[in-house]
Amino acid sequence: DKKLEACGAKRVGEMGIGDACDEDGWETGYTAWLPETLSALGVAAEEESSTPPEPPFRVHEVCPDGHPGLNAVVPPQLCPPGAALARIVENRRLPPSDYERDIRHFVIDNTEVDLPFNLGDAVGLYPQNLPEDVEEALAWFNLQGDKPLSLTCMDETASA
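Residues numbered from 1 in each chain as written. Predicted model: local features only at pLDDT ≥ 70, side-chain atom pairs only at ≥ 80, totals over all residues. Heavy atoms only, no water.

(A) Region of the structure containing the overall build of the protein. Of regular secondary structure, the protein possesses three helices and four strands. Helices (α) and strands (β) of the protein occur, in sequence order from the N terminus, as α-α-β-β-β-α-β. Scored against the burial criterion, the 160 residues of the protein give a buried share of 4%. Across the protein, contacts joining residues at least 24 apart in sequence account for 50% of those joining residues at least 6 apart. When the accessible surface of the protein is split by element, carbon and sulfur atoms take 56% of a total near 14600 Å². (Helix = DSSP H or I, 4+ residues; strand = E, 2+ residues; numbered from the N terminus. Buried < 20%, exposed > 50% of the residue type's maximum accessible area, 1.4 Å probe, protein only. Contact = heavy atoms within 4.5 Å. Areas by Shrake-Rupley, 256 points an atom, 1.4 Å probe, with all protein chains shown as cover.)

Here you go:
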């Protein structure tokens, strides 16, 4: 602080401190610090709204004129290069249901795939949506599940 002050800097707020041991983790300190800091910086407060914001993109179904069978294309299972797919045979919540955090115990079946695993390695989980959830979302958006989609970004400031 003293070195910055000597260079002409002015303090606009106190340092924010988050503590992972707080009841809601680091957000306890952050939630108190953020509005004060934004106000000190002259940033207008966000307006509260009971509706979600407009999406920054528009979804269009693609008409496959002249491309027979395009609608039948099914994207492959998500699997990054160098990774292997394995079934999860157990997915169990560890803490009681009234505990705020969802901590899980997973058991991975490696009988059908070679999963070399060394101490310190990490495992990534790539979940799939339940078919009934997909159908509900498609109905809500009034889309067909077998039609390709195109997204158009409506926000000129967004980057992909």
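(B) Spotlight on the packing of aromatic side chains. Inspection of every chain in the model, using the stated rule, returns two aromatic pairs. Taking the centre distance of 6.1 Å and the plane angle of 35° together, the rings of tyrosine 30 and tryptophan 33 count as tilted. In this pair, tyrosine 30 and tryptophan 33 both sit in helix H2 (residues 27-40), three residues apart, roughly one turn of the helix. Of the residues examined, tyrosine 30 reaches a relative accessible area of 36% and is grouped as partly exposed. Ring geometry for tryptophan 140 and phenylalanine 141: centres 4.8 Å apart, planes at 85°, overall edge-to-face. Under the relative-accessibility criterion, phenylalanine 141 is labelled exposed at 53%. (Phe/Tyr/Trp six-rings, centres within 6.5 Å; stacked < 30°, edge-to-face > 60°.)

(C) Representation of the layout of surface pockets. In this structure, the second largest pocket encloses a volume near 760 Å³. For the second largest pocket, the lining is made up of 26 residues, of which Ala84, Ala86, Val123, Gly124 and Leu125 are closest to its centre. For the lining of the second largest pocket, the secondary-structure elements that each account for two or more residues are strand S2 (87-93) and strand S3 (104-109). Its residues assigned to classes, the lining of the second largest pocket shows 19 nonpolar, five polar and two charged. (1 Å grid on protein atoms, 1.4 Å probe; cavity = no way out; pocket = protein on both sides within 12 Å on 5 of 7 lines; lining within 4 Å. Points joined across faces, edges and corners; volume = space filled by probe spheres on them. Nonpolar A, V, L, I, M, F, W, Y, C, P; charged D, E, K, R; others polar.)

(D) Expanded view of the side chain of threonine 37. In this structure, threonine 37 sits in helix H2. Threonine 37 gets classed as buried once you look at its relative accessible area, which sits at 13%. In terms of polar contacts, threonine 37 uses its side chain to reach the side chain of tryptophan 33, at 2.9 Å. (Polar contact = N/O pair within 3.5 Å; in protein donor to acceptor, adjacent residues only side chain to side chain.)

(E) Here's a closer look at H2. In a regular helix each residue adds 1.5 Å, so 14 residues correspond to 20 Å; H2 covers 20 Å between its end C-alpha atoms and thus fits that length. Residue tryptophan 33 marks the point of greatest curvature in H2, where the axis turns by about 30°; the proline proline 35 follows within four residues. (Expected span 1.5 Å × (residues − 1). Bend = angle between axes of the 7 residues up to and from the residue.)

(F) Layout of the pattern of salt bridges. Under the counting rule described, the total for this entry stands at five salt bridges. A salt bridge links arginine 11 to glutamate 14; the shortest N-O distance between them is 3.9 Å. We classify glutamate 14 as exposed; its relative accessible area is 59%. When the shortest N-O distance is used, the salt bridge between arginine 104 and aspartate 102 registers 3.0 Å. The exposure class assigned to arginine 104 is partly exposed, which follows from its relative accessible area of 35%. What emerges from the salt-bridge pattern is a single network uniting Arg93, Asp102 and Arg104. (Salt bridge = Lys/Arg side-chain N within 4 Å of Asp/Glu carboxyl O.)

(G) Focus on helix H3 (residues 131-141). Counting buried residues in H3 gives one out of eleven residues, a small share hidden from the surface. Phi for asparagine 142, located one or two positions after H3, is positive at around 60°.

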